[in-house]
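Descriptive analysis of the structure
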Amino acid sequence: MFDNLSDRLGGVFKRLRGKGRLTQADVDEVMGEIRTALLEADVNVGVVRNVIERIRVQAVGTQVSEALDPGQQIIKIVNAELIAMLGGETLKITYASHPPTVVLMAGLQGSGKTTSAAKLAAWFRSQGRNPLLVGADLQRPAAVEQLKVLGAQIGVPVFSIAGDPVATAAAGLAEAQRLGRDVLIVDTAGRLAIDAEMMQQVADISKVVSPHYTFLVVDAMTGQDAVTVAKAFDETLAISGVILSKLDGDARGGAALSVKEVIGKPIAFAATGEKIDAFEQFHPDRMASRILGMGDVLTLIEQAEKVFEKDQAEATAAKLMDGEFTLDDFLDQLQQLKKMGSLSSVMGMLPGLPKEAKDAQISDDMVKVTEAIIRSMTPEERRKPEIINGSRRTRIAKGSGTQVSDVNKLVKQFSEMQKMMKRMGGGSGGGSGGGKGKKGGGRGGLGAMFGGAPGGGPGGLPSGDIDLAAALGSRLPPR
Amino acid sequence: MNNSSLPMIFLLLAVAGLVFGIGVVAISRRKARAVPQIQRVAPVEAVEAVAAAPLSVRDRLAKARSSLSGAVGSVLGRSEINDSTWLELEEALLRADVGVRVAQSLLGVLQARVKAKEISTPAQLIDALRGNMSSQLVGTSRDLNFEANIGGPNIWLMVGVNGAGKTTSLGKIAAQQIALGRTVLMAAGDTFRAAAGEQLSTWAERSGAQIVRGAEGGDPSSVIFDGVQSAHSRNIDLVLADTAGRLQSNTNLMEELRKVRRVAEKGAGKVTEVLLVIDATTGQNGLQQARQFTEATQVTGVVLTKLDGSAKGGIVFAIETELGIPVKLVGLGETIDDLVVFNPTEFIDALFE
């Protein structure tokens, strides 16, 4: 994997320590590292040039003090710049006074238009709207069939007639009016930006349905070509926003930055998984950290939120803070964790973890072994691991196909974690008091656990998101 | 378990603790949203008759090329090699998605030669760069591997991320193999994406291949296994096995793919080709795709699709030179004949145009 920006800059700044002020040459070197990081994230060459210039202006003359890590300062500048570039005005959907509100989907082949159209329809439904999907992709075999299947899953009707895509779109609009649907989403065939004939066709479709919103679907894995494509589609269709697809992969997604910068249109939505509901409004701050390869805590939180049962999680948290966390609970946690994806991808999203930890190939087999050991224990042993003596240890090792020493390690580490969690719970000012006290303690404590930041007091910070991010990773630049 | 298991288990504990901790915070922060859990697709009964798209025979590649300005022209326009020369060449390589590391190493070699006065004119420089790049791409066989007399069908497996063009490439390969006189059976192993089976059926009709399909949402391994068995009993030469698109970071789906490959060989057939389909617009993530898919399925070749657009597909240069996986086929358009054998010289020339 690529090094993230903080690792890159770390090396440079080690040598720059003790200097009072960054010289031009120092800045050049730092800019070189930032450039490489952005290019490896697939940010367009031309866009990188502009970004670097803007960052350079801000970085020259930056005070390098012993107290503040200069690398952190630069990262802060870069991160803020990227957020500013990715964010700006957000797309707010306003519904047409004479329904339906028409949405047109466009993009290259395989960018994810059909899936995104269905996900968007589901999103509109969650907003209390009644969308109609129109399958105007008559090019790819079975594209309409795909849309119909997806439509059936989300309970949204799909309209299509064989023959001409432009006629289908026009008929779809009439159908939406007839049925009284208030949102119309038109899926179109994938086309190359340089294919004049096909671009004319999509322009014709646009003309007959006069869309209120035209979304360009861009694959998060797209490289340098994203800019050419976005420009061409914007010139033909006047794009109102971008849908970034396949963001659940490990691509850094620099294309988002390129497209935003070149056509100046907001990134409206991001598709973050294979499920229909894995579709959300775009968060510029998360994307900035991702492009820089610096962890994605907020996405991790959302994943956790989806996977974890609320009541169960709260009960477990209470137990943990009170020091009543048993191996059974831990086993539960592992099960939940497994639902979030591979351990390495979860680890990858955590900022502030030591590089060695991320590099150490954490295989999911480790989870299996740990599970096997715990499952070989009796219920009583799981509740009170301290009763595990020599003969029990041997039995557990045999049962789980491991060595006695492995069992020892697990038990020892578990008790250490228990102690640590107890301390954190105790320090939250209130112990087993109200739920709020517990939450506050958890946050501060976890922050302390990852990176040694002082427990972030939730009081003085403006919003939950920032609060969390600040507490969770001292290496995540403050916003 | 090895010696390093101790810190690992601790890490595991820590992560588990952290994850559920933030889960709690996040959950109590917001109201739990009602999330519609949509399961895998239910079997579809009706097969929509989809009109075959009119297959045009335009030379899209030429169109792509004419719309691009040339870095080479600009470099050759100068009488000497200077800083701008290097910058322009680097940016040309980067713009083609070759990647920073590869671009810098290619140019680093040349900078040394310029310094040593072995190269003095821009024309020599361009020649040397092209020469270096081609020499890194030649010497591998780009033929699709077909073994005769193995007592069962050859199995070619198509793998790749979502939307790369696996199904379409498979359809075209089928048509070409049939034209070569081989009998072909398609195994519709993409049981996940809605209507992927229909899409493949359309291709089977077009090309005259046989097809074995399973229920949507079914086990892809068993569909492909059935395909191989069926091909064997009917004495069919070649099984083309489609798989669902998957992002290489999804461990469970990669595990599923590993199983597909393993199970495909349980019967009489042999996997003689595993083709990784990569979209030419793919950026640096392509290298990661190649690594992970190879690790799971021992990829034997790359199919570079959609090269008739404005994207150059330079990432396959990195894939071939760094991972040693040859690019075998290139997609230059929508017709069956537009899937052609990869030509390194043309590819490199196009990178600079």
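A quick note: this is a predicted structure, and the numbers were derived from the prediction, not measured. (Residues numbered from 1 in each chain as written. Chains lettered and ligands numbered in written order. Predicted model: local features only at pLDDT ≥ 70, side-chain atom pairs only at ≥ 80, totals over all residues. Heavy atoms only, no water.)

**A few points about the overall build of chain A**
This is how the line gets drawn: Put simply, DSSP marks the helices as runs of H or I at least four residues long and the strands as runs of E at least two long, and each gets a number from the N terminus on. Type-normalised accessible area, obtained with a 1.4 Å probe on protein chains alone, sets the label of each residue: buried when under 20%, exposed when over 50%, and partly exposed for intermediate values. Note on contacts: a residue pair is in contact if any heavy atoms of the two residues lie within 4.5 Å.
Counting its secondary structure elements, chain A contains 22 helices and eight strands. Taken across its 479 residues, chain A has 58% of its residues classed as buried. Within chain A, contacts between residues at least 6 apart in sequence are counted, and of these 73% link residues at least 24 apart.

**Looking at the packing of helix H6 (residues 122-137) of chain B against helix H13 (residues 344-352) of chain B**
Packed helices, taken two at a time, are described by their axes: the angle between them and the distance between them. All names here are of chain B. Under the convention used in this document: Only the stretch in contact is used when a helix axis is fitted, and all axes are lines through C-alpha atoms; the angle between N-to-C directions ranges over 0 to 180 degrees. To sort the angles, those under 35 degrees are grouped as roughly parallel, those over 145 as roughly antiparallel, those from 65 to 115 as roughly perpendicular, and the leftovers as oblique. Handedness of a helix crossing follows the sense of rotation of the near helix relative to the far helix, less than a right angle counterclockwise being left-handed and clockwise being right-handed. In this count, Pro and Cys sit with the nonpolar residues alongside Ala, Val, Leu, Ile, Met, Phe, Trp and Tyr, while Asp, Glu, Lys and Arg are called charged and the others, Gly among them, polar.
Packing of H6 against H13 brings their axes to within 10 Å, and their N-to-C directions diverge by 140°. In terms of orientation, H6 lies oblique with respect to H13. Crossing hand, H6 versus H13: right-handed. Side by side, H6 and H13 meet where Leu-129, Arg-130, Met-133, Ser-134 and Leu-137 of the first sit next to Pro-344, Phe-347, Ile-348, Asp-349, Leu-351 and Phe-352 of the second. The residue makeup of the contact of H6 with H13, split by class, is eight nonpolar, one polar and two charged.

**Some words on the packing of helix H9 (residues 220-233) of chain B against helix H10 (residues 251-264) of chain B**
Residue and element names in this part refer to chain B. It is the contact of H9 with H10, at a shortest axis distance of 9 Å, that shows an interaxial angle of 20°. The angle between the axes of H9 and H10 places the two elements in the roughly parallel class. H10 is crossed by H9, and the crossing has right-handed handedness. Of the residues in H10, those in contact with Pro-220, Ser-221, Ile-224, Phe-225 and Val-228 of H9 are Glu-256, Lys-259, Val-260, Val-263 and Ala-264.

**Focus on the side chain of Thr-222 of chain A**
Which entries qualify depends on this criterion: Throughout this description, a polar contact denotes any pair of N or O atoms lying within 3.5 Å of each other; where both atoms belong to protein, one of them has to be capable of donating a hydrogen while the other can accept it, and for residues adjacent in sequence the pair is counted only when both atoms sit in side chains.
Here Thr-222 of chain A is to be found in the loop between strand E5 (213-219) and helix H9 (226-237). Separated by 2.5 Å, the side chain of Thr-222 of chain A and the backbone oxygen of Asp-219 of chain A make a polar contact. In this structure, Thr-222 of chain A is in contact with Asp-42 and Ala-255 of chain A together with Thr-281 and Gly-283 of chain B, ignoring residues within four places of it in sequence.

**So, the nonpolar core**
Counted only if it meets this: The term nonpolar core refers to a set of buried residues drawn from Ala, Val, Leu, Ile, Met, Phe, Trp, Tyr and Cys, joined through side-chain atoms within 4.5 Å.
Judged by nonpolar contacts, the single largest core of 158 residues is most densely connected at Leu-38, Leu-82 and Phe-233 of chain A together with Phe-347 of chain B. It is helix H3 (residues 45-59) of chain A that provides the largest number of residues to this core, a total of seven residues. Setting aside residues up to four positions removed in sequence, Phe-347 of chain B forms contacts with Leu-137, Leu-304, Leu-307, Lys-312, Gly-313, Gly-314, Val-316, Phe-317 and Phe-342 of chain B. Counting 29 residues, the second largest nonpolar core, distinct from the first, contains Leu-91, Met-105, Trp-123 and Leu-150 of chain A.

**Some words on the pattern of salt bridges**
Residues and elements named next belong to chain A. Threshold: Any carboxyl oxygen of Asp or Glu within 4 Å of a side-chain nitrogen of Lys or Arg constitutes a salt bridge here.
Considering all chains together, one arrives at 31 salt bridges over all chains under this definition. The salt bridge partner of Glu-261 is Arg-54, with a shortest N-O separation of 2.5 Å. Placement of Glu-261 in helix H10 (residues 254-263) and of Arg-54 in helix H3 is noted, with a sequence separation of 207 residues between them. Glu-261 sits in the partly exposed class, given a relative accessible area of 26%. Classification of Arg-54 as partly exposed rests on a relative accessible area of 32%. Several salt bridges converge on common partners, so that one network encompasses Asp-28, Glu-53 and Arg-56.

**Some points on the packing of aromatic side chains**
Residue and element names in this part refer to chain A. To keep it simple, the criterion reads: For Phe, Tyr and Trp, where Trp contributes only its six-membered ring, two rings pair if their centres lie within 6.5 Å, and the inter-plane angle classes them as stacked under 30 degrees, edge-to-face over 60, or tilted in between.
Within this structure, the stated rule accounts for eight aromatic pairs over all chains. Ring geometry for Trp-123 and Phe-124: centres 5.3 Å apart, planes at 70°, overall edge-to-face. With a relative accessible area of 12%, Trp-123 lands in the buried category. Centre to centre, the rings of Phe-330 and Phe-414 are 6.2 Å apart; their planes meet at 50°, and the pair counts as tilted. Placement of the pair is Phe-330 in helix H14 (residues 327-339) and Phe-414 in helix H20 (residues 404-426), with a sequence separation of 84 residues. Each member of the pair, Phe-330 as well as Phe-414, is classed as buried.

**Let's talk about the sheet that holds strand E2 (residues 184-189) of chain B**
All names here are of chain B. We apply this condition: Strand pairing is assigned whenever DSSP detects at least two bridges linking the two strands.
The strand order across the open sheet built from eight strands is E3-E2-E4-E1-E5-E6-E7-E8, with neighbouring strands paired in mixed fashion. This sheet does not close on itself; its edge strands, each paired only once, are strand E3 (210-213) and strand E8 (339-341). For this sheet, the mean inter-axis angle between neighbouring strands, taken without regard to orientation, is 25°. Relative to E3, E2 is paired through four bridges, and the arrangement is parallel. Each bridged residue has a counterpart across the sheet, and for Met-186 the counterpart in E3 is Ile-211.

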